[in-house]
Amino acid sequence: MFKIPPVSAARLPELLRAMPKAELHIHIEGSLEPELIFALAQRNGLQLPYASVAELRSAYAFCNLQSFLDIYYAGASVLRHEQDFYDLAHAYLARAARDRVLHAEIFFDPQTHTARGVAIETVIDGLHRACAEARTGLGISATLILCFLRHLSEKAAFETLEQAEPLLDKIVGVGLDSSEQGHPPEKFARVFARCRERGLHLVAHAGEEGPPAYIWSALDVLRVERIDHGVQAVHDAALMQRLAHQRIALTVCPLSNQKLCVFPSLAQHNLGRLLDAGLAATVNSDDPAYFGGYINENFTQVFAATGLTARQAYQLAFNSFEASFAGNADKRLWQHQLKESFERFVEHDY
Ligand SMILES: [Zn+2]
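Residues numbered from 1 in each chain as written. Predicted model: local features only at pLDDT ≥ 70, side-chain atom pairs only at ≥ 80, totals over all residues.

A. The arrangement of the sheet that holds strand β6 (residues 226-229) in detail. The strand order β1-β2-β3-β4-β5-β6-β7-β8 describes an open sheet built from eight strands, whose pairing is parallel. Looking at the sheet topology across the chains shown, the edges are occupied by β1 (21-27) and β8 (281-283). Taken over all neighbouring pairs, the strand axes of this sheet differ in orientation by 25° on average, direction set aside. Bridging between strand β3 (residues 141-149) and strand β4 (residues 173-177) involves five bridges; their strand directions are parallel. Note on β4: the bridge partner recorded for L149 is D177. Against the sheet, helix α15 (residues 295-306) touches β1, β2 (101-108) and β8, its axis set at about 115° to β8. (Pairing = 2+ DSSP bridges. Helix = DSSP H or I, 4+ residues; strand = E, 2+ residues; numbered from the N terminus. Axes fitted to C-alpha atoms, helices over the stretch in contact; angles between N-to-C directions. Contact = placed C-beta atoms within 7 Å.)

Take a look at the structure:
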């Protein structure tokens, strides 16, 4: 890494917003803003149990994963047609591009939609069309990661994979999300093995609210390449060493952790500790419509609360490209652009 001079606290937010970055942990259904929920409900002739956008926003008061998930699934119910999924992904990608996201790997939960009678191709085709158009239209590269809902059975995950078979060229990998406690990764060992045979990349949520043991089994049983969240790893020294040694990326989501009370306050977030231990941590927004901000808001707030520096900002952005499933040529190009953006910024500081 090249030498980065100190950047004043006053100018750090500007640097954080301007630096190129990748987002690797974003649930597209979690980017559904109340305004779009209302617009889609109207377009699809659906009645919402909220009188206004403001009333819906005020209902976003929750303090654990389950109470969040309840409202999350209710919001997703307005997504019915291919164009709805396109509009959802396009809105996120336009927003991410403004935050200088050069590459996004977007999670989606097909079971949330197929359970309501929406065909899986409606979901994937709409999201994929938005991703494909974004490269030229918005200057952002984007791919899709299909997530299995872990509170459902492995049998249901297999059925979802089967439905997705003809569309696998439109996704880059699979993940595991939803309620973590009581649903250890090994519950999905066989379906992940099948996905691996299909040549898909593998990731899983582990160690958000769940114990370090879930991170071990995500690595050893599911054989994932990245851990989503993973902040509970700090309670297990051997695990920390392994994550650092193997450069297994953690897709950390500070504002999500704050909103779901994973840490008592943002100032007590362990992002700096993960970086100090040599882990390939990254910063992401998780469910930005619900958790109070998109990726730049996550960067600026966690940096302000914990006192992280420009050097750590560079490391986090560098890690985000390194840990992505993009090709090596793209990764090197983006990392070069990152370096240039820091050089330009530092020059203007003197
Ligand atoms: Zn997540």
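B. Spotlight on helix α2 (residues 34-43). Within the sequence span of α2, burial applies to P34, L36, I37 and L40. The buried residues of α2 occupy one face: seen down the axis, they fall within an arc of 160°. At the exit of α2 stands G45, carrying a positive phi of roughly 65°. (Buried ≥ 20, exposed ≤ 12 C-beta atoms within 10 Å, placed from the backbone. Arc of directions from axis to C-beta.)

C. Structural context of the packing of helix α5 (residues 82-98) against helix α7 (residues 120-137). At a closest axis distance of 7 Å, the pairing of α5 and α7 adopts a crossing angle of 35°. When you trace α5 past α7, the crossing you get is right-handed. Contact residues: α5 offers E82, Q83, D84, F85, Y86, A89, H90 and L93, while α7 offers T122, V123, D125, G126, L127, R129, A130, C131 and A134. Tallied by class, residues from the contact of α5 with α7 come to nine nonpolar, four polar and four charged. (Left-handed = near helix turned anticlockwise from the far one by under 90°. Nonpolar A, V, L, I, M, F, W, Y, C, P; charged D, E, K, R; others polar.)

D. Spotlight on the UniProt feature "binding site: substrate" (unreviewed entry) in the protein. UniProt feature "binding site: substrate" (unreviewed entry): in the numbering of this structure it lies at D287. Here D287 lies in the loop between β8 and α14 (288-291). Given 24 C-beta atoms within 10 Å, D287 falls into the buried group. In this structure D287 touches H27, G30, Y72 and S256, once residues within four positions along its chain are discounted. (UniProt positions renumbered as here; feature names shortened; annotations may be inferred.)

E. Geometry of the pairing of strand β5 (residues 201-206). In terms of strand pairing, β4 meets β5 through two bridges, oriented parallel. Pairing of G173 across the sheet is with H201, part of β5. Once the chain exits β4 it traverses helix α9 (residues 189-197) before rejoining the sheet at β5, and the crossover so formed is right-handed. Taken together, the four bridges between β5 and β6 define a ladder with parallel strand orientation. (Right-handed = clockwise from strand over helix to strand, strands pointing away.)

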